[in-house]
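Architecture at a glance
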Amino acid sequence: MDIQTAEIEGAAQTLARVIDGTGGAPDLIAAAGHLLPFTAAFCVVNRKGQCPVYLCDTYPEGGAKEAVQLYAGSTYLLNPVYNAILDGLPPGLYRMADLAPDNWNPSPGTPGVLVEDAEEIGYRTPGWPAGLQELTLLAKLPEGAMGEISFARPAAEGGFPDDLLARLRPFLPLFAAAFRQLWPRHRDSPAPAEPERKLQDFARSTLSPREAETVQLILKGHSSLSISLTLGIALPTVKTHRRNAYAKLGISTQQQLFNAFLHWQGKARQRP
């Protein structure tokens with residue numbers, strides 16, 4: 001799919017507004033719209049040890065927009081992109097499915113997630129439109145922050161094949177420059193006080209270190225086989241850690257584990 005001169009000019013002019021200080025986060029998404037077909041997008045800045053800073057989104061009012069806020073305030077800890085950033089993922093363009101673990105598939109009935117076999121990573125947040133594929137643009141920012149624009153497009157319309165990524169990739173330096181200009185305006189704005197939450201803190205006082213590692217990987221979407229390979233332990237040992245962890249947490253299913261995690265997150269947000 002060839003890119004036209006008018007599309008290049010539109011993207012460049014829109015990014016220029018952000019770089020010269022007259023544009024904002026919605027212009028980042030608008031600039032990408034000249035180059036890439038997508039249904040909706042959101043823009044955040046990721047920071048290690050803190051929840052993402054929400055900048056804007058183009059999702060429709062109602063459940064979809066609420067789902068973006070749920071992600072920014074809670075389920076980001078389980079998100080493949082956020083966890084890849086923590087692991088040192090460099091800036092660039094990434095399909096969500098390429099970053100997801102092998103078993104990214106929470107159990108049916110889990111609050112905060114809906115299992116959807118047709119989804120590219122096996123689940124979606126309630127309110128999130130069904131049947132979407134996601135593409136993430138990441139831009140490196142000062143002090144370890146990472147700017148992110150997440151684009152969504154129906155799988156039925158082809159998702160994000162390589163030729164579409166090729167249209168956007170040459171503009172990554174301009175998006176990064178625009179993010180660097182934009183970020184200081186939001187970094188210094190007052191933010192609600194929140195306790196620092198890390199997935200590693202979940203059930204840490206209840207479980208052994210190995211059991212806690214196992215639970216964290218389950219929550220991130222790893223299968224028992226993947227946990228075995230990741231931790232370098234035998235598969236039966238993984239199953240033992242899982243069984244013991246569930247017993248200590250008073251649960252018996254993966255669904256209940258996600259319930260317990262989201263309940264813990266909710267309590268963390270309620271602390272003074």
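Our subject is the structure listed above.
The following refers to the structure shown. (Residues numbered from 1 in each chain as written. Predicted model: local features only at pLDDT ≥ 70, side-chain atom pairs only at ≥ 80, totals over all residues. Heavy atoms only, no water.)

Put simply, helix H8 (residues 209-220) and helix H10 (residues 235-249) touch, their axes get as near as 9 Å, and they point 90° apart. Put simply, H8 runs roughly perpendicular to H10. For the pair H8 and H10, the contacting residues are Arg210, Glu211, Thr214, Val215 and Ile218 in the first and Val238, His241, Arg242, Asn244, Ala245, Tyr246 and Lys248 in the second. Considering only residue class, the contact of H8 with H10 consists of five nonpolar, three polar and four charged. (Axes fitted to C-alpha atoms, helices over the stretch in contact; angles between N-to-C directions. Helix = DSSP H or I, 4+ residues; strand = E, 2+ residues; numbered from the N terminus. Parallel < 35°, antiparallel > 145°, perpendicular 65-115°, else oblique. Contact = heavy atoms within 4.5 Å. Nonpolar A, V, L, I, M, F, W, Y, C, P; charged D, E, K, R; others polar.)

It is worth spelling out the pattern of salt bridges at this point. Applying the stated criterion across every chain yields a total of eight salt bridges. Of the charged contacts, one joins arginine 95 and aspartate 98 as a salt bridge, the two residues approaching to 3.5 Å between their closest N and O atoms. Two residues, arginine 204 and aspartate 201, come together in a salt bridge whose shortest N-O distance is 3.1 Å. Owing to a relative accessible area of 54%, arginine 204 belongs among the exposed residues under this scheme. The class for aspartate 201 is partly exposed, based on a relative accessible area of 24%. Within this structure, Arg95, Asp98 and Asp162 form a network of salt bridges that share partners. (Salt bridge = Lys/Arg side-chain N within 4 Å of Asp/Glu carboxyl O. Buried < 20%, exposed > 50% of the residue type's maximum accessible area, 1.4 Å probe, protein only.)

Right, let's talk about the packing of aromatic side chains for a bit. The geometry of two aromatic rings is summed up by the distance between their centres and the angle between their planes. Applying the stated criterion to the full structure yields six aromatic pairs. Taking the centre distance of 5.0 Å and the plane angle of 50° together, the rings of phenylalanine 38 and phenylalanine 151 count as tilted. Remark: phenylalanine 151 occurs in strand E7 (residues 146-154) and phenylalanine 38 occurs in the loop between helix H2 (25-33) and strand E1 (40-47); sequence separation between them is 113 residues. When the ring of phenylalanine 202 is compared with that of phenylalanine 261, the centres are 5.7 Å apart and the planes differ by 80°; the resulting orientation is edge-to-face. Residue phenylalanine 202 is located in the loop between helix H7 (172-187) and H8, and its partner phenylalanine 261 is located in helix H11 (residues 254-270); the two are separated by 59 residues in the primary sequence. Of the residues examined, phenylalanine 202 reaches a relative accessible area of 4% and is grouped as buried. What makes phenylalanine 261 buried here is its relative accessible area of 0%. Cluster of aromatic residues (ring-pair linked, three or more members): Phe202, Phe261 and Trp264. (Phe/Tyr/Trp six-rings, centres within 6.5 Å; stacked < 30°, edge-to-face > 60°.)

Here we take up the environment of lysine 198. Turning to its location among the elements, lysine 198 is positioned in the loop between H7 and H8. Looking at lysine 198, the relative accessible area reads 36%, which means it is partly exposed. For the pair lysine 198 and leucine 77, spaced 121 residues apart in sequence, the C-alpha to C-alpha distance is 7.4 Å. Apart from the residues within four sequence positions on either side, lysine 198 is in contact with Gly49 and Trp264.

Disulfides are covalent bonds that link the sulfur atoms of two cysteine residues. A complete count under the given rule lists zero disulfides for this structure. There is no disulfide at cysteine 43, and the cysteine sulfur nearest it, in cysteine 56, is 4.9 Å away. For cysteine 43, a relative accessible area of 0% corresponds to the buried category. (Disulfide = S-S within 2.5 Å.)

Okay, the environment of valine 81 next. Inspection of the secondary structure assignment puts valine 81 in helix H4 (residues 80-86). In this structure, the C-alpha to C-alpha distance between valine 81 and tyrosine 94, residues 13 residues apart in sequence, is 8.5 Å. When near neighbours in sequence (up to four residues on either side) are disregarded, valine 81 contacts Met96, Leu99, Thr136, Leu138 and Glu148.

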